[in-house]
Amino acid sequence: MSWTRYSNRSFYLFVAPWVLGFVLLTAVPLGYAFGVSLTNFDGSSPRWRWVGFRNYGELFHDQDAWASLLRTVAYTAIAVPLSVAGALGLAVLLNRRLKGVGLWRTMFFLPSVVPVVAMAIMWKLVLNRDAGILNALLHVVGIRPVSWLVDPMAFYALLILTLWGLGGGMVIMLAALQGVPAELEEAAIVDGANRWRVFRHITVPIISPVIFFQVVTGVIATFQIVVQPLLLAETNSIAGVGQVPQSTHLYMVQVYQEFFTSNRFGYGSAMLWVFFLVILAFTVLIQRSSRLWVHYEVDTDAEG
Amino acid sequence: MHVNRQATATARRTPVRLSAGAVYVLLMALAVVFVGPFVWLVLAALKTRDEWAAIPARILPHKAQWGNFVSALTDINFPAYAVNSFFLSTMYAVLVTISSAAVGFGFARLRGRGKRPLFLVLLSTMMLPQILTLLPTYVLFSRLGLVNTYWPWVLWGLAASPYLIFLFRQFFAAIPRELEDAAIIDGCGWGRIFVRVFLPLSRPVLITSFLLSFTWTWGDYISPALLLDVDHTTLSVAITAWYTDPHGNAIPTVQAAGAALYVLPALLIFLFAQRYFIRSVVASGVKG
């Protein structure tokens, strides 16, 4: 056997775990979900039957599903820009000579390694209406107790939880900022540009691929939020899904309920497939828009 | 990758003019926001139930109630859940690190037809929300009788993780070719080259991969909640629901103690491996 053929075969052997895994654990479940979405399967009863595209037709007229989808888009449109901007702001703040710079960075990064369950428990303690520290602090400045975990404030509670974890993005931004040639910024300042203009017209364009990456991954992560609203809801058990406040009743929460509260696996699967297409569409849309505002210095396709 | 360059070498300017004093005041205010919830959790874990419920909120407990931690460990079978979590996380982390290293090696060093399209598929699965496939996977596994077993984690581990594959590929791609040429002349096959030459060089990435995947499983809530029953489940599920008094009401102080004990390993791992962690976050994010 020639060396080339041997290498070729070795390549397939080495990547086989992922290829098999992708087929069996991603493609097959997605295909299976599509199959289920054409039935009225309820998860246990053997008496299910083919219903064709009826689930999709119903979904189209489902007010709750539309509302939760719009809410998810709105939440993403608010949460992603805030966390990307926040991460960038923190990175700019920490990208300077500071006493204990490592300690500051660690403190801001720490929340992003906290498991979601612990995060939810912590914030429920902080946001508790009567005994929470946040309302106690607000009381000092004369603001009456806020019910953070119920409508309409639950939306902001979820937002706080999301923003608290922006340290991961901050670290990436920090690395990007350190890749910006200092001479470029200094030259512009010598030429009389003020700091904001330098930041806006030199720094931001140079790091725009990283900002772009953050936006894309942020949108995808935010679209699929489901555990946080479930755990932030006033009840403590997973069975208490029904009590998720309306303002944090995002699309995946709705899907989750169709599966496990209503046992409508067929309908839930249809919702999943529609969401899959929605996410795909958004990703392509953002990708397209990137041509307008992302600045690539070199051809990023050039890879080894 | 030159991602870990020292940041402090040059002092950069913020877009807005801030005096040094203002910067430190701002940083301290932010630190309160980012660290405050941890402090509040520990304080809650040290209060009596009445102290916790007091209106207006009390900041400090009159006397530290260490008994809450005892209750956290004994009210539910904490040690058993910790063992479940630990076993599941370790097993997954070992498997996924080995498989991802192998796949990463394949993509970095070997040639094969269809490598580029395959790599594009790999990159696009990084974008695929895990939850989309998790629900059908749950339905599928329950029909295959894999619910209430740890097999799903074995399979996920063997299947490698796109994110870790990417990490390994980046690392392996940067290793000079002469190294493997020498081994090839000595008559080594790719398997031996991978195990004898590349793996020993990649200790930092192996550690990063192990720690990252360990903490993913340690922190995961939704997969164990869906796939495991009361006895087989992990700490993340156990601490959310089952710290209740005889009336079925949650006991926040004990839950806080349980959460503190649960989050501690994740924080310790992070603090010990901080440089590795941050580097891998950066590596994953800078070169999309």
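Residues numbered from 1 in each chain as written. Chains lettered and ligands numbered in written order. Predicted model: local features only at pLDDT ≥ 70, side-chain atom pairs only at ≥ 80, totals over all residues. Heavy atoms only, no water.

**Remarks on helix α11 (residues 203-219) of chain B**
The α-helix advances 3.6 residues per turn, and as a result positions three or four apart in sequence lie on the same side.
Here is step 1: The first and last C-alpha atoms of α11 of chain B sit 24 Å apart over 17 residues, in line with the 24 Å expected at 1.5 Å per residue.
Here is step 2: Taken together, the buried positions of α11 of chain B are V205, T208, S209, L211, L212, S213, F214, T215, T217, W218 and G219 of chain B. (Helix = DSSP H or I, 4+ residues; strand = E, 2+ residues; numbered from the N terminus. Expected span 1.5 Å × (residues − 1). Buried < 20%, exposed > 50% of the residue type's maximum accessible area, 1.4 Å probe, protein only.)

**So, the domain arrangement of chain B**
Residue and element names in this part refer to chain B.
Here is step 1: When its domains are assigned, chain B resolves into domain 1 (2-45) and domain 2 (76-284).
Here is step 2: Inter-centroid distance (C-alpha atoms) of domain 1 to domain 2 is 30 Å.
Here is step 3: Between domain 1 and domain 2, the residue contacts involve six residues of the former and eight residues of the latter.
Here is step 4: Taken together, both faces of the contact between domain 1 and domain 2 bury some 640 Å²; the carbon and sulfur share is 80%.
Here is step 5: Counting every contact that joins domain 1 to domain 2 gives zero salt bridges.
Here is step 6: Summed over the shared surface of domain 1 and domain 2, the result is zero residue pairs in polar contact (both at pLDDT 80 or more). (Domains from an automatic or database assignment. Contact = heavy atoms within 4.5 Å. Buried area = accessible area lost by both parts, 1.4 Å probe. Salt bridge = Lys/Arg side-chain N within 4 Å of Asp/Glu carboxyl O. Polar contact = N/O pair within 3.5 Å; in protein donor to acceptor, adjacent residues only side chain to side chain.)

**A few points about the UniProt feature "transmembrane region" (unreviewed entry) in chain B**
Here is step 1: Residues annotated by UniProt as "transmembrane region" (unreviewed entry) correspond here to residues 21-43, 86-107, 119-141, 153-172, 193-218 and 259-278 of chain B.
Here is step 2: Secondary structure over residues 21-43 of chain B splits into 100% helix and 0% strand, and the C-alpha atoms at its two ends are 30 Å apart. (UniProt positions renumbered as here; feature names shortened; annotations may be inferred.)

**A few points about the interface of chain B and chain A**
Here is step 1: Listed by partner, the interface residues are 109 residues for chain B and 100 residues for chain A.
Here is step 2: Interface area, chain B with chain A, both sides summed: about 9500 Å², of which 76% is carbon and sulfur.
Here is step 3: Along the contact surface separating chain B from chain A lie zero salt bridges.
Here is step 4: The tally of links between chain B and chain A comes to ten residue pairs in polar contact (both at pLDDT 80 or more).
Here is step 5: Among the residues making up the side of chain B that touches chain A, the classes are represented as 79 nonpolar, 20 polar and ten charged. (Nonpolar A, V, L, I, M, F, W, Y, C, P; charged D, E, K, R; others polar.)

**Concerning the nonpolar core**
Here is step 1: Counting 201 residues, the largest nonpolar core has F108, M170, V226 and F275 of chain A together with F105, F107 and I239 of chain B as its most contacted members.
Here is step 2: For this core, the leading source of residues is helix α4 (residues 78-109) of chain B, giving 14 residues.
Here is step 3: Counting only domains with at least three residues in this core, you end up with domain 1 (2-45) and domain 2 (76-284) of chain B.
Here is step 4: When sequence neighbours within four positions are dropped, the list of residues in contact with F105 of chain B reads F14 of chain A together with L110, F172, W190, I193, F194 and F198 of chain B. (Core = buried A, V, L, I, M, F, W, Y, C linked by side-chain atoms within 4.5 Å.)

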